[in-house]
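One letter stands for each residue in the lines below.
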Amino acid sequence: MPNLNIVGKRKIFIYLSLAFIIFFVIVIFVKGFNFGVDFSGGSEIVISTQETYTIDQLRDALQKIDPSYATAKIVSVKPSDEEITKNFYVITVKDSFPSSQIKDEFINSLSTYLQSSDLEVEQFNDVSGYAAKEIRSFAWYAIIATLAVLLIYITIRFQFSFAIGAILALAHDVIVTLGFYSLFGIEMNLMAIAAFLTLVGYSLNNTIVVYDRIRENRAKSRATPIEEVMNQSINDVLVRCLHTSITTFIVVFLMLLMGGRSIASFAFGLTMGVVVGTYSSIFIASPIVIPMMKDKKKGTKKSSSKSR
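Residues numbered from 1 in each chain as written. Predicted model: local features only at pLDDT ≥ 70, side-chain atom pairs only at ≥ 80, totals over all residues. Heavy atoms only, no water.

As for the side chain of Ser245
- By the element assignment, Ser245 lies in helix α8 (residues 226-258).
- Of the polar contacts made by the side chain of Ser245, one reaches the backbone oxygen of Cys241; its length is 2.9 Å.
- A polar contact is formed between the side chain of Ser245 and the side chain of Thr278, at a distance of 2.6 Å.
- Other than its neighbours up to four places away in sequence, Ser245 contacts Tyr202, Asn206, Val274 and Thr278. (Helix = DSSP H or I, 4+ residues; strand = E, 2+ residues; numbered from the N terminus. Polar contact = N/O pair within 3.5 Å; in protein donor to acceptor, adjacent residues only side chain to side chain. Contact = heavy atoms within 4.5 Å.)

In structure tokens:
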């Protein structure tokens, strides 16, 4: 079992986390997010063709259809199967197509301007602006509701100070992971929200393991200072947490490398989140509770002395 002085150096880890949070908040405000169709509204068309086109050629063709398509997002996608010889392109425009006739007209016009006889539509996602707004709202409601339920659960199972520590650690995880999405321009969509909710559950699981060991060790020796109890408890479960996190990281990282574009947002969130969540569960969630527990202990002593 390791014997690291994690709690004794807690200020270093807390200040480091604050620095990361400030940095990523600045990144989010400066760069913003690469919102997918789910959150921004519009249409996402995946086309395939034997011909090879540059992004500029595709953008010129779109501009001929409608000048407003000059700002369309165009991504060239390589298929994971090497036997597939077709070229795939993902085109995202701000307009939605209310009828199948308008969709067909768009595709026919694109084929004409690209002079392509074998252009095929592989996928067509269409989300109206109102629907996108609703999806954004419900997504954040889901995250807030999850955090509120977790706060109540941890308060009942442990105590309120532990619940505050867990929520602060989860907030740290979400903000830092959001910052990575903004920094690398990863698409923010419903798959990303699923990754955040999964991350919250995963990170909390590690935190609960640490809290359980702290409760067990405190019950054995009430006279031992809380710093020593916490440090011993973290060291007791450190190897277990690292083994779990490393095996999980390997799986989600391979998903990110080999899973393709359809699950890229989900796999990226979990890959970053496993690292950030493990860090916060060990170095943030428990040490940050110490000042609150000390204040509570002082308050208990004062009230007991007054009663005498």
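Considerations on the domain arrangement of the protein chain
- As far as domains go, the protein chain holds domain 1 (7-36 + 131-306) and domain 2 (42-127).
- Across the contact, seven residues belong to domain 1 and five residues belong to domain 2.
- Taken over both partners, the interface formed by domain 1 and domain 2 buries close to 450 Å², and the fraction arising from carbon and sulfur atoms is 52%.
- Counting across the domain 1 and domain 2 interface gives one salt bridge.
- Inspection of the region where domain 1 meets domain 2 yields two residue pairs in polar contact (both at pLDDT 80 or more).
- Here the side of domain 1 that touches domain 2 takes three residues from helix α5 (residues 129-157), the largest share from any one element.
- For the side of domain 1 that touches domain 2, the per-class residue count stands at four nonpolar, one polar and two charged. (Domains from an automatic or database assignment. Buried area = accessible area lost by both parts, 1.4 Å probe. Salt bridge = Lys/Arg side-chain N within 4 Å of Asp/Glu carboxyl O. Nonpolar A, V, L, I, M, F, W, Y, C, P; charged D, E, K, R; others polar.)

Looking at the nonpolar core
- Core analysis: the biggest nonpolar cluster contains 56 residues, and Ile154, Phe162, Phe196, Tyr211 and Met230 have the highest contact counts within it.
- Going through the elements one at a time, α1 (10-31), α5, α6 (160-184), α7 (190-220), α8, α9 (264-283) and α10 (290-307) are the ones with two or more residues in this core.
- Counting residues per element, this core draws most heavily on α7, which supplies 12 residues.
- The contacts of Ile154, once residues within four sequence positions are left out, are Gln159, Phe162, Ala163, Ala166, Leu204, Ile208 and Tyr211. (Core = buried A, V, L, I, M, F, W, Y, C linked by side-chain atoms within 4.5 Å. Buried < 20%, exposed > 50% of the residue type's maximum accessible area, 1.4 Å probe, protein only.)

Examining the UniProt feature "transmembrane region" (unreviewed entry) in the protein chain
- Here the UniProt feature "transmembrane region" (unreviewed entry) sits at residues 12-30, 138-156, 163-184, 190-211, 237-257 and 263-290.
- The annotated region residues 12-30 carries 100% helix and 0% strand content, and the separation between its end C-alpha atoms amounts to 27 Å.
- Secondary structure over residues 163-184 splits into 100% helix and 0% strand, and the C-alpha atoms at its two ends are 32 Å apart. (UniProt positions renumbered as here; feature names shortened; annotations may be inferred.)

Focus: the sheet that holds strand β3 (residues 73-77)
- Reading across from one edge, β3-β4-β2-β5 is the order of the four strands in this open sheet, with antiparallel pairing throughout. One side of each edge strand has no neighbouring strand; the edge strands of this open sheet are β3 and β5 (120-127). Averaged over all neighbouring strand pairs, the angle between strand axes comes to 15 degrees, with direction disregarded.
- Where strand β2 (residues 42-49) and strand β4 (residues 87-93) come together, seven bridges link them in antiparallel fashion. (Pairing = 2+ DSSP bridges. Axes fitted to C-alpha atoms, helices over the stretch in contact; angles between N-to-C directions.)

Points about the packing of α6 against α7
- Packing of α6 against α7 brings their axes to within 10 Å, and their N-to-C directions diverge by 145 degrees. Of the two elements, α6 crosses α7, and the hand of that crossing is right-handed. Contact residues: α6 offers Phe162, Gly165, Ala166, Leu170, Asp173, Val174, Thr177, Leu178 and Tyr181, while α7 offers Ala192, Ala195, Phe196, Leu199, Val200, Ser203, Leu204, Thr207, Tyr211 and Ile214.
- A per-class count over the contact of α6 with α7 returns 14 nonpolar, four polar and one charged. (Left-handed = near helix turned anticlockwise from the far one by under 90°.)

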